[in-house]
Amino acid sequence: MTSEATLPRTPSSDNWRHLLRLCLIAFPLLCPLVAGPSANAWQLLTSGVCAALLLFCSPNGSLGRGLLAWLGLCVAAVTLSTHGPMDMRLMACTVLAAVGLLAVAGAAAIRQNAIPSALAWGLLLAGALNVLVGLLQYYKLADALVPWITSPTFGRPWGTLRQPNQFATSISLALIGVLWLYVTWDSRRMRISLIAAAVLLIAATAASGSRTGVLQLALIAVTAGGVAWKERRAPTPARRLPPPLALLAMLPLYFALNWLLPHLSATGSGGKAVASAGALVQRLQPTALGNESRLTLWHNVLSLIAERPFTGWGWGELSYAHFMAVYPGPRFPVLLDNAHNLSLIHI
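Engineer: Sorry if this is basic, but what is going on with empty space enclosed by the protein here?
Structural biologist: Where empty space is left in the structure can be found by rolling a water-sized probe over the atoms. Under the defined criterion, the tally for this structure stands at 1 cavity of 30 Å³ or more. By volume, the largest cavity amounts to about 30 Å³. The wall of the largest cavity is formed by Ile171, Ser172, Leu175, Leu201, Ile202, Thr205 and Leu217. When residues of the lining of the largest cavity are traced back to their parent elements, those giving at least two are α6 (164–184) and α7 (188–208). Of the residues belonging to the lining of the largest cavity, the class tally is 5 nonpolar, 2 polar and no charged.

The following block contains the structure:
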């Protein structure tokens, strides 16, 4: 009699496994739980649990010697460092260990095309839901969803992530997922749906008013356009990605939507949304009110990097370093408490 462990997996079981991976990837970007005293404790816990379950659902694999040595060196450097409290250093070591475990899972799953497909769909799912929530917040229509999400001021969306730059990064990750799915699906109907999804993602990026989002969109458009151009010049053209000009057109589409979205308001508060969209450029100006220009912030952070270029200031110590530093020029007046980057926050 054949044991249950040796029975072949059915297509149904593979579909459920794929759906579970998809949800585990998407949920950390959608987690609505927030409680004190540490505002991001639930998000970190959720990300860790989802990462552990994703590892459990992945096939066995092995870690390359180079990556293993690099992770070991990082753990040793963090452990032996005298910067930052011990609990923060232990947290850093735990994060590095999690990176190694997920790398093992990814190395094993990449050969089966299991994780890439679930990753693309998971990021697209999280991005699509954040687009819906973000546009409701942008037009001040999200009050009914409180307390599952927050309701920011008119014209300032951040989805489920409570920070516009992290919201924009989530949208950029979803856009990369759209491009990957466009390449791997030959269905005309599916590709049209993905193009429509890409337009909505770009609209959400425009609504965020995030300079991080603009930079990420430019990098995605230029990189994907270059790959598409090389595809079409190859001896056997693959023609999988959209045409290069269509990919580069994402940038003028962004600026057109940045102008259009505030004028679609029917609440009479369109001026506030226009002002929010204009903040995209305003906060880059050195004459911004109260030295709150991003140029001032970048000068301050470069000064901190120059003071400790190799050891840094320690895990979670940026706020202290910024508060205690004496800068040669103007000081950015807001305390810095996070990386304003979704990948760094979750990884």
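Back to the write-up after that little detour.
Engineer: Help me out: how do you make sense of the environment of Val133 in this one?
Structural biologist: Positionally, Val133 belongs in helix α5 (residues 114–138). Of the residues examined, Val133 reaches a relative accessible area of 11% and is grouped as buried. Sequence-wise, Val133 and Gly159 are 26 residues apart; in three dimensions their C-alpha atoms are separated by 5.1 Å.

Engineer: Teacher, can you tell me more about α6 here?
Structural biologist: An α-helical turn contains 3.6 residues, so a residue and the one three or four places further along point in the same direction. Relative to the 30 Å expected for 21 residues at 1.5 Å per residue, α6 spans 30 Å between its end C-alpha atoms, a close match to the ideal helical length. Most of α6 is tucked away, with 16 of its 21 residues classed as buried. Structurally, the start of α6 carries an N-cap: the backbone nitrogen of Asn165 is 2.7 Å from a side-chain oxygen of Gln163.

Engineer: How do you make sense of the packing of α7 against helix α10 (residues 250–263) when you look at a structure like this?
Structural biologist: Helix packing for two helices is described by the angle between their axes and how far apart those axes are. At a closest axis distance of 8 Å, the pairing of α7 and α10 adopts a crossing angle of 60°. On the basis of the axis angle, α7 is oblique to α10. Our pair here, α7 against α10, has a crossing hand that is right-handed. From α7, Val199, Ile202, Ala203, Thr205, Ala206 and Ala207 reach across to α10, where they touch Met250, Leu253, Tyr254, Leu257, Asn258 and Leu261. Here the contact of α7 with α10 is composed, by residue class, of 10 nonpolar, 2 polar and no charged.

So, how was this worked out
Residues numbered from 1 in each chain as written. Predicted model: local features only at pLDDT ≥ 70, side-chain atom pairs only at ≥ 80, totals over all residues. Heavy atoms only, no water. 1 Å grid on protein atoms, 1.4 Å probe; cavity = no way out; pocket = protein on both sides within 12 Å on 5 of 7 lines; lining within 4 Å. Points joined across faces, edges and corners; volume = space filled by probe spheres on them. Helix = DSSP H or I, 4+ residues; strand = E, 2+ residues; numbered from the N terminus. Nonpolar A, V, L, I, M, F, W, Y, C, P; charged D, E, K, R; others polar. Buried < 20%, exposed > 50% of the residue type's maximum accessible area, 1.4 Å probe, protein only. Expected span 1.5 Å × (residues − 1). Polar contact = N/O pair within 3.5 Å; in protein donor to acceptor, adjacent residues only side chain to side chain. Axes fitted to C-alpha atoms, helices over the stretch in contact; angles between N-to-C directions. Parallel < 35°, antiparallel > 145°, perpendicular 65-115°, else oblique. Left-handed = near helix turned anticlockwise from the far one by under 90°. Contact = heavy atoms within 4.5 Å.

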